[in-house]
Amino acid sequence: MAIYSFKDYTPVVHKSSFVHPLAAVTGNVIIGKNCYIGPGAAIRGDWGQIILEDGVNVQENCTIHMFPGKSIVLKESAHVGHGAIIHGANLGRNCLIGMNSVIMDDAEIGDESIVGAMAFVKAETIIPKRSLVVGNPAKVIKQVSDEMIEWKTKGTELYQQLPKDCHESLRAVEPIREVPENMKVQGDVYKTLRETFKK
C-alpha cells in the first residue's frame, strides 16, 4: 500500500479494508471497515481530515482533497465512481457519485442521493436526501425511488465484498502468454438499472 504520513499525521486504515498498492493515502485520513480504494485513487489528508465511514468505496482514479483547514466525511456506504473528484464536499449515507463527476467545496450530498456521471456540483450546493442529480451545473431532476436505491445498495454491496476478495486473491503475477482453452468468464451477478426494472 502507498500509505504516507504527513506532518505527524498517519492514515488509519481498518484491517478489513483494502487500499490498492497503486493508490495513495496521505496524512489525516481515517478509513473504516470494508472500504475499497482502487488503483490510481488519491486521498490527500494533508490540509484537513478525511473520514471514510464503513463500507465506502473510492474507485479507480478518484481524487479526494480540500481547501486548507477543511475536513470532510464520506458517510457509510457512500459509492464514488471511477474518476470522480470530491473536493471539500461531504457525502451522505449510501449515496452514489457517478463516474467523472466533480463535487466542489462545502457541497453537501444528501443521504441516498444519486449524482449522475459527469455532473458538476458547484461549491456550497446542498442536495437534499434521495435526490437524482445530473448536469453541469448539476440540478435535481427528481426523487430517487425505493427501487433505484435498492439497485444502488446491491451494487455497493459488491464493493463491500471486494476488499475481502482482494485480500484473499489479488496477487502480482507474470501474465499467461496464451489464452487457456478452459478460460472462465465471470458470472452475471449484477444488472444495469434499466435491465433490472424493465417490464
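See the structure printed just above.
Remember, predicted model here, so these are calculated numbers, not experimental data. (Residues numbered from 1 in each chain as written. Predicted model: local features only at pLDDT ≥ 70, side-chain atom pairs only at ≥ 80, totals over all residues. Heavy atoms only, no water.)

Colleague: Can you walk me through the overall build of the protein in this structure?
Modeller: Tallying secondary structure elements over the protein gives two helices and 20 strands in all. Relative to the 2.2 N^0.38 estimate, which gives 16 Å for 199 residues, the radius of gyration of the protein is 17 Å and therefore close to what a compact globule would have. For the protein, the spread of C-alpha atoms along the three principal axes comes to 55 × 55 × 25 Å. Within the span of the protein, comprising 199 residues, buried residues form 43% of the whole. Partitioning the contacts of the protein with sequence separation of at least 6, the portion at a separation of at least 24 is 15%. Both charge centroids of the protein, one from 22 positive and one from 23 negative side chains, sit 4 Å from each other. (Helix = DSSP H or I, 4+ residues; strand = E, 2+ residues; numbered from the N terminus. Rg over C-alpha atoms; globule rule 2.2 N^0.38 Å. Buried < 20%, exposed > 50% of the residue type's maximum accessible area, 1.4 Å probe, protein only. Contact = heavy atoms within 4.5 Å. Lys, Arg positive; Asp, Glu negative; His and termini not counted. Charge placed at Lys NZ, Arg CZ, Asp CG, Glu CD.)

Colleague: Can you help me understand the sheet that holds strand β20 (residues 138-143) in this one?
Modeller: Strand pairing in a sheet takes place through backbone hydrogen bonds and is either antiparallel or parallel in direction. As summarised here, the arrangement of the eight strands in space is β3-β5-β7-β10-β13-β16-β19-β20, forming an open sheet in which the pairing is mixed. Of all strands in the sheet, those bounded by a partner on one side alone are β3 (18-19) and β20. Relative to strand β10 (residues 79-80), strand β7 (residues 57-58) runs parallel, the two sharing two bridges. From the neighbouring strand, V58 faces β10, where its bridge partner is V80. (Pairing = 2+ DSSP bridges.)

Colleague: Explain the packing of aromatic side chains here, please?
Modeller: When we look at a pair of aromatic rings, we describe it by the centre distance and by the angle of the planes. Counted according to the given criterion, the structure contains two aromatic pairs. Ring centres 5.7 Å apart and planes at 55° place the aromatic pair Y36 and Y159 in the tilted group. Note that Y36 is positioned in strand β5 (residues 36-37) and Y159 in helix α1 (residues 146-169), a separation of 123 residues in sequence. In terms of burial, Y36 and Y159 fall into one category: buried. Through successive ring pairs, a cluster of aromatic residues spans F18, Y36 and Y159. A cation over an aromatic ring shows up here: R44 above the ring of W47, its NZ or CZ 5.5 Å from the ring centre. (Phe/Tyr/Trp six-rings, centres within 6.5 Å; stacked < 30°, edge-to-face > 60°. Lys NZ or Arg CZ within 6 Å of the ring centre and 35° of its normal.)

Taken by themselves, the reported measurements are silent on function.
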